[in-house]
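Survey of secondary and tertiary structure
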Amino acid sequence: MGWLLFRSILAGIGGAILVPILTFVGVLVLAHTFDPRCGTPGDSGGCEMGAASIAIASVLPGAAIAFAVVLVLGLRKRSRAVEPPEQP
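Let me begin by describing the structure that accompanies this report. What you see as residue numbers is a count from 1 along each chain, following the sequence as written. In view of the model being predicted, local features appear only for residues whose pLDDT reaches at least 70, and side-chain atom pairs are presented and counted only at 80 or more, with totals across whole chains, interfaces and linings using the full set of residues. To obtain the side-chain values, all non-hydrogen atoms of the structure were included, while hydrogens and water were left out.

Structural notes on the overall build of the protein
Each helix is a run of H or I in the DSSP string that is no shorter than four residues. Each strand is a run of E no shorter than two, and both are numbered from the N terminus. Secondary structure summary: the protein contains three helices and zero strands in total. In sequence order, the protein lays out its α and β elements as α-α-α. Our radius of gyration is a C-alpha quantity, and the globule rule it is checked against amounts to 2.2 Å times the number of residues to the power 0.38. Over its C-alpha trace the protein gives a radius of gyration of 20 Å, far above what one expects of a compact globule, namely 12 Å for 88 residues. Its C-alpha atoms put the protein at 75 × 25 × 10 Å along the principal axes. In the protein, which comprises 88 residues, the share counted as buried stands at 19%. Put simply, of all contacts in the protein between residues at least 6 apart along the chain, 77% involve residues at least 24 apart. For every residue, the accessible area obtained with a 1.4 Å probe (protein chains only) is divided by the maximum for its type, and the residue is called buried under 20%, exposed over 50%, and partly exposed between those limits. We call two residues in contact whenever any of their non-hydrogen atoms come within 4.5 Å of each other.

Here you go:
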């Protein structure tokens, strides 16, 4: 059980790092694709600050989701491995 918790914590740390990076890049790509004002001198970095705000806000959800997914999958795998024997 300790190993599963350790793996879940590591996954949570990975999710806290990976999810904000992906959301930052995704928001920038979508903003620059669909908003012609992004990247122009009159924008003053508004699109980039929106992407940064969303990336910062996605740190905790990314960690929680990754932690929960690894924990649930590990518990399911563990419960399948320890099935009681069938009785006649």
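Having seen the model, we can carry on.
Some thoughts on helix α3 (residues 59-81)
Between its terminal C-alpha atoms α3 stretches 33 Å, which fits the 33 Å expected from 23 residues at 1.5 Å a residue. Inspection of α3 places Gly62, Ala63, Ala66 and Gly74 among the buried residues, and these make up the whole buried set. Where α3 is buried, its residues meet α1 (2-34). Helices are assigned an expected span. That span is 1.5 Å times one less than the residue count.

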